[in-house]
Amino acid sequence: GSGGNEWPYGIAVDGSGNAYVTGLTESADFPTVNALYPNLRGDGVFIAKLNASGSALFYSTFFGGSGNNEIYSIAVDGSGNAYVTGATNSPDFPTVNALYSYSNCPGGAGAIVTKLNASGSALFYSTFLCGERGTGIAVDSTGNAYVTGLTLGNFPIHNALQPNYGGNVDAFVVKLNASGTELVYSTYLGGSGEDWPYGIAVDGAGNAYVTGQASSADFPTQNALYPNLKGVSDAFIVKIANGGGITETP
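In this numbering scheme, every chain counts its residues from 1 along its sequence in written order. Whole-chain, interface and lining totals are the exception, using all residues; otherwise, since this is a predicted model, local features are given only for residues with pLDDT of at least 70 and side-chain atom pairs are given and counted only at 80 or more. Side-chain metrics in this entry use all non-hydrogen atoms of the structure; hydrogen atoms and water are not considered.

**Overview of the sheet that holds strand β7 (residues 111-116)**
Link 1 in the chain: Being paired, for any two strands, means DSSP has found at least two bridges between them. Strands here mean DSSP runs of E at least two residues long; helices mean DSSP runs of H or I at least four residues long; both are numbered from the N terminus. The antiparallel open sheet is built from four strands, whose spatial order is β5-β6-β7-β8. Looking at the sheet topology across the chains shown, the edges are occupied by β5 (69-76) and β8 (123-130). When the angles between neighbouring strand axes are averaged without regard to direction, this sheet yields 20 degrees. Axis definition: a line fitted to C-alpha atoms, over the contacting stretch in the case of helices. Angles run 0 to 180 degrees between N-to-C directions.

Given below as structure tokens:
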């Protein structure tokens, strides 16, 4: 960090013990090394790769457009490429090989997904994902990205487990192919109340695991250990099969 405030939100580690950190910064003099974007723009976001001993930065860069930018989660693949998700309202957010642009998101732009190469010198892809905000990201052994976040409806749906918006606030779950050019699946996940996802993981078979907070008594459950909402809001855990079908919601 530096003279302003910094808020770290996500961390990941590769097979060599290098740490990948992302978050927000207000500091124009935030320490940058081999920066793809050396200057602070808008509400600042940073992405940094720190060596295994914590003694040096491989890279540290600002990221984002001239408006509000948020990054909440980071993942890393076996080659050291970093994947981040968050949100922005910046029309000039940096995009490369974008699946969706700022202007062609149904319901307005918000959530973003970006893949940064191992040296931090280039973007493989960077795209708007629509929805309001990406809150969690994971990556499998072949480079497919799994993203969860929240939406108020009008989210792009493909091969959906839940094709219809539940209402109020829903989670979304997306599997994006390795090149960022196609949605393998994209689905709503939620009931008629407020359902907020916070984290996602993926196993070796490509099954996605999502967790968050649900206030919907009609939240979709299957093979449920606890089938009924017990409080104003409860935690939820969902396992989604590789093809996009729910296998478990304990």
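**So, the packing of aromatic side chains**
Each aromatic ring pair is specified by the distance between its two centres and by the angle formed by the two planes.
Link 1 in the chain: Ring geometry is summarised as follows: Phe, Tyr and Trp rings, the Trp one being its six-membered ring, pair when their centres sit within 6.5 Å, and such pairs are stacked at plane angles under 30 degrees, edge-to-face over 60 and tilted between the two. Going through the model one piece at a time under the given rule, you end up with ten aromatic pairs.
Link 2 in the chain: Residues Tyr-102 and Phe-128 carry aromatic rings whose centres are separated by 5.7 Å and whose planes lie at 70 degrees to one another, so their mutual orientation is edge-to-face. Pair noted here: Tyr-102 is in the loop between β6 (82-88) and β7 and Phe-128 is in strand β8, with a separation of 26 residues, a long-range link.
Link 3 in the chain: Take Phe-128: its relative accessible area is 1%, and that puts it in the buried class.
Link 4 in the chain: One aromatic cluster is present, built from ring pairs that chain together Tyr-37, Phe-63, Phe-93, Tyr-102 and Phe-128.
Link 5 in the chain: Here, a charge over a ring is recorded when the distance from Lys NZ or Arg CZ to the ring centre is within 6 Å and its angle to the ring normal is within 35 degrees. We note Lys-49 situated over the ring of Phe-58; from NZ or CZ to the ring centre the distance is 4.8 Å.
Link 6 in the chain: Its end group placed over the ring of Phe-124, Lys-115 keeps NZ or CZ at 4.6 Å from the ring centre. To sort residues, take the accessible area from a 1.4 Å probe on protein chains only and compare it with the maximum for the residue type: under 20% means buried, over 50% means exposed, and anything in between is partly exposed.

**Some remarks on the sheet that holds strand β1 (residues 6-13)**
Link 1 in the chain: Spatially, β1-β2-β3-β4 is the arrangement adopted by the four strands of the open sheet, whose pairing is antiparallel. Of all the strands in the sheet, just β1 and β4 (57-63) have a single pairing partner and so form its edges. For this sheet, the mean angle separating the axes of adjacent strands, direction not counted, is 15 degrees.

**Describing the environment of Ser-141**
Link 1 in the chain: In this fold, Ser-141 is placed in the loop between β9 (133-139) and β10 (145-151).
Link 2 in the chain: In this structure Ser-141 comes out as exposed when scored by relative accessible area, which is 78%.
Link 3 in the chain: In the structure, Ser-141 is positioned 80 residues away from Thr-221 in sequence and 28 Å away in space, judged by C-alpha atoms.

**Details of the environment of Asp-14**
Link 1 in the chain: Structurally, the position occupied by Asp-14 is in the loop between β1 and β2 (19-25).
Link 2 in the chain: You can call Asp-14 buried: its relative accessible area is 14%.
Link 3 in the chain: Linking Asp-14 and Ser-53, residues 39 residues apart in sequence, is a C-alpha distance of 13 Å.
Link 4 in the chain: Two residues qualify as a contact provided that any one of their heavy atoms is within 4.5 Å of a heavy atom in the partner residue. Each residue touching Asp-14, except ones within four places of it in the same chain, is listed here: Tyr-20, Lys-49 and Val-76.
Link 5 in the chain: Polar contact is the term for a pair of N or O atoms within 3.5 Å; when the atoms are in protein, one must be able to donate a hydrogen and the other to accept it, and sequence-neighboring residues count only if both atoms are side-chain atoms. One polar contact links the side chain of Asp-14 to the main-chain amide nitrogen of Ser-16, over a distance of 2.9 Å.

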